[in-house]
Amino acid sequence: MSYLKPSFRHPDLPVNDLGYTKKNYEGAISTLCAGCGHDSISSAITQAIFELSIAPHNIAKMSGIGCSSKTPTYFLGNSHGFNSVHGRMPSVATGANMANRDMIYVGVSGDGDTASIGMGQFTHAVRRNVNMMYIVENNGCYGLTKGQDSATSDVGSKSKKGDPNPFEPIDLASIALQLGATFVARSFSGDKEQLIPLIKAAIAHQGFAFIDVVSPCVTFNNNPGSTKGYEYVRDHLAATGTVDFVPMKDEITTSYEAGTSQEVTLHDGSVVHLHKADSRLDIHSRRSALALIKDYKANDQLLTGLLYMDPDSQELHETIQSSNKPLRALTELDLCPGNKVLTSINASLR
Amino acid sequence: MTATNTITSVNDLVIKFANVNGSGSASANNMFAKAVFRMGLSVSPKNIFPSNIQGLPTWYEVRVSDKGYIGRRGGIDIMVCVNPQSMAKDIQEVSPGGFFIYDNTKPMDLRLLRNDITFIGLPLMRICLDEYNDDRQRQLFKNVIYVGALAALINIEFDVLTGLIADQFEGKEKLIAPNIHAMELGFQYAQKHYQCPLSISLQRRDNLGDKILMDGNTACGLGAVYGGATMAGWYPITPSTSVVEGYEKYCKRLRIDPGTGKNNYAIIQAEDELAAIGMVIGASWNGARAFTATSGPGISLMSEFLGLAYFAEIPTVLIDVQRAGPSTGMPTRTQQSDITACAYASHGDTKHVLVFPSTPKECFDMTAEAFDLAEQLQTPIIMLTDLDLGMNDTMSDPLDWDDSRQYKRGKVFTAEDLESMSERFGRYVDVDGDGIPYRTYPGTHPTKGSFFTRGTSRDEYAVYTEDGSEYEKNMQRLLKKWETAKKYVPAPEIIIAEKGSSIGVLHFGTSTDATMEAIDYLTRDGLAVDSCRIRAFPFNQEIEDFIDSHRTVFVVEQNRDAQMRSLLVNDCEINPKHLIPVLNYDGMPITASFIQGKIVDYMDRAKVTPLRKDSANDNTANL
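What counts and how
Here the residue numbers are simple positions, counted from 1 along each chain's written sequence. The lettering of chains begins at A and the numbering of ligands begins at 1, in the order of writing. For this predicted model, a pLDDT threshold of at least 70 governs which residues receive local features, and a threshold of 80 or more governs which side-chain atom pairs are given and counted, while totals over whole chains, interfaces and linings are taken from all residues. Each helix is a run of DSSP H or I of at least 4 residues and each strand a run of E of at least 2, with the numbering of both proceeding from the N terminus. Comment: burial labels come from other C-beta atoms within 10 Å of the residue's own C-beta, placed from the backbone, where a count of 20 or more is buried, 12 or fewer is exposed, and between is partly exposed. A pair of residues counts as a contact when their C-beta atoms, built from backbone coordinates, are within 7 Å of each other. Just so you know the grouping, Ala, Val, Leu, Ile, Met, Phe, Trp, Tyr, Cys and Pro go in nonpolar, Asp, Glu, Lys and Arg go in charged, and all remaining residues, Gly too, go in polar. Two strands form a pair only when DSSP identifies at least two bridges running between them. UniProt positions are given in the numbering used here, feature names are shortened, and annotations may be inferred rather than shown by experiment. To get an axis, fit a line to the C-alpha atoms, keeping to the stretch in contact for a helix; angles then go from 0 to 180 degrees between the N-to-C directions.

- As named in an unreviewed UniProt entry, chain B is 2-ketoglutarate: NADP oxidoreductase, alpha subunit, taken from marine gamma proteobacterium HTCC2143.

### Some remarks on the overall build of chain B
- Looking only at helices and strands, chain B has 19 helices and 23 strands in total.
- Counting over 623 residues, chain B shows a buried share of 55%.
- Within chain B, residue pairs in contact and separated by at least 24 positions form 75% of the contacts whose partners lie at least 6 positions apart.

### Topic: the interface of chain A and chain B
- Taken together, the contacts link 49 residues of chain A with 55 residues of chain B.
- When residues of the side of chain A that touches chain B are traced back to their parent elements, those giving at least two are β2 (80-83), α3 (89-99), α5 (119-128), α11 (332-335) and α12 (339-348) of chain A.
- Considering every element that reaches the side of chain A that touches chain B, the biggest residue donor is α3(A), with 8 residues.
- When grouped by side-chain class, the residues that make up the side of chain A that touches chain B number 20 nonpolar, 24 polar and 5 charged.
- Where β2(A) and strand β17 (residues 452-454) of chain B come together, 3 bridges link them in parallel fashion. Note on β17(B): the bridge partner recorded for A:F82 is B:T453.

### Regarding the UniProt feature "domain: Pyruvate/ketoisovalerate oxidoreductase catalytic" (unreviewed entry) in chain B
- In the UniProt entry, the feature "domain: Pyruvate/ketoisovalerate oxidoreductase catalytic" (unreviewed entry) is given for residues 22-188 of chain B.
- Across residues 22-188 of chain B one finds 44% helix and 22% strand; the C-alpha atoms that close the span lie 27 Å apart.

### Quick notes on the sheet that holds strand β20 (residues 530-533) of chain B
All names here are of chain B.
- Strand order in the open sheet formed by 5 strands is β18-β20-β19-β22-β23, with mixed pairing between adjacent strands. Each edge of the open sheet is held by one strand with a lone partner, namely β18 (493-495) and β23 (579-583). Strand-to-strand, the axes of this sheet are offset by a mean angle of 20°, without reference to chain direction.
- Of the pairings in the sheet, the one linking β18 to β20 comprises 3 bridges and is antiparallel in character. The residue bridging I494 from the neighbouring strand is C532, located in β20.
- Each of β22 (552-557) and β23 is contacted by helix α18 (residues 563-572), which is oriented at about 135° to β22, the strand it contacts most.

### Description of the pairing of strand β2 (residues 12-20) of chain B
Residue and element names in this part refer to chain B.
- Among the 9 residues in β2, 8 count as buried, and that is most of the element.
- Across 9 bridges, the pairing between β2 and strand β4 (residues 57-65) is antiparallel. Note on β4: the bridge partner recorded for D12 is S65.
- Pairing of β2 with strand β5 (residues 76-81) involves 4 bridges; the strand directions are parallel.

And the structure:
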């Protein structure tokens, strides 16, 4: 197992529009188990942000506690990161976002961190439509404390210890839809082709963009009988379709047969194109997404892909009408009313 | 019924209003207090309210003092009872020689009569029934009518009252005339039926200079505006709610960008106290000034995050408006009982900087200063105020601001700093030897200055480590920072008696007014006492020296367990026997007579010349 990250890179590494190579987007070497799904997600995040040509220091990485929440160390080393407390990342990310609306916020959490201890904060970040991408690296168990069932574990799913989980699972994608999330997707850590464009679309989206990524725990929940292991997930995967993310500057070249695709233009002119595998899905309808998730689940299938998005989403800064300039950039001149005003306030208090 | 002996006083009284909550009495009672204030007299109103919205007994107790005392006095000279629910108890509470003013529309239960007080009946309900057709008007004007009657009974200048009505209904001028009319109805009734004024009355003075009348919570909110706070995360809880409401009120007036009409602030009502402080920490981490306000139960919930802010060294401003605990306790009663919980909030070796304001002006000043302190020290600053100061209109010196003042943002590296550095940036390197490292705001520089903020142990470069010696080094640095904090926090206020004394009293926050009044009485009775007002934790050397230089030291506080005393014993390594607790914790603001009594009792036991215990209640002494 490697414990040192080689610093050598191919001299002709491709550069993005900012002149950065992928190396500028990498982080420290991962200390997760070899084969952990989370590492694939880190790599997908790195790739997506590199391709989007976002300067790494304009991103803030936010996480809670757990294996998933450790991962922001392993990507975007030139970005500030905040590994907060268990289940409380949404509030810290909300505050950070309020301070500076010009940065991009990447939240990484786990199923324990979000669906159990952090359920309260998660739901409220969703309903406030905080402008951020929120990824749950969902492995159905508590990895860092050695494999206890989590709240997303399916009924009857067996972890390494062999006891079937007796409790109803929480489906975070459905919950997010019900709470009014303005972008909801599901993916699988083993499917980068699907995940990378979803991450790009989530980052370009104005508002709370939620991606539930099933990400097997190779050590504690990858055994026969588990519904969150690689084999089971691969065998039961279905997708809403293929997503293309076309940045504003690029021309749209692909064309699809009428009725099989849906196109969403984002606030910045980028386009998300969904080539549908199931024509029943309308990505502007929460009801359609919720129904399809249920239908597939009834057939023992996990529906992945883009499920819902609202291109007219109004993010929190717009709702509360906060200044266009980042709040943290305001100075005494903008903030302090001065002594003359105080004199008149005094007069009103006599 | 008229008692033969009545209390006689001018400008020295305690009047208590017994009302039903939700009946609109608050604005009439406030008007009464403000009228006294506008007559140039010291006034201290205390709202004694239930944790309820409508229908339960609520009281408003107002002290007027010619000598300028604004602590609670105790003893009721005049009771204005408009709530039959509490009448029996209210009658019992009046001091002998006092007056009981009540609604006599319905006959009173004669068993409740006392012959040592004077009963004054006003047919409030009858007057309203005759005068108004609408139920809501009948209820609201009833309150205004008794204020009008009081104007006659204790000699409040009628012009002052009409001026207050005009101020109150500015913009709703239609309401001015009917309110003045209601006041006249009360005034005329009292004048016609009773000999006015009573033996207790008011006279205009010029005792106040440029004083203002303001509640501490609003002052905190305004302090946050002046201190440059741009983000408030909060969760409603009595008695702290009006801090953020005050902040919002002034932001709406003073923080709208003139160009865009947008808000130069963000207020988020959180889902709970955990999220409230989480938002504050996130915003502060990202370079904004942010704060939250809460009370005891919120402190318990915020403890986890306070530990993170301490260990990850993130500026955090938290205003704790204390109420009576433990648990839900008495949510609408005052106490100073979160001291230990705040000082050591969170698990592990954690301690926090605390500041203790005593007046609305200090609420304003300390809130603004808390942002400087938090950013200079990169740690939570917890301001401990309480319900008494926070929610009651309190007389105070006026607020002022030095326009040349600049915010002290602490040690922050800019992109230029990072660019010119030859060495590697280390978030937790003690560059200056004061325990305070340099931070960078996220997004400062494309390739330099980024770091990972975490609640886990890390080395000086913010890299995760479980190396015991690195951990220890960091904990030692935090301790050094704690020592540095002593130089930054507000110094104590020490007052030495004319010839000095071997007896000292330590006090803080809302125990101060009553303590200073008690010291006056003790001095008058021949016992000189020195005093030291604690304004912050960690304690600096002056406090230790004060304790060392006095043979007997009392610590006055409003909790059961002598929490400030414990902190002193613990932090200054003081022999507990040296510190004598004076503790009031019934949920009502502490009184001078209580403090005086405790000190006298102790000195008596210590075989010192007996002294009078209770001159605070002795009205004749003040004539």
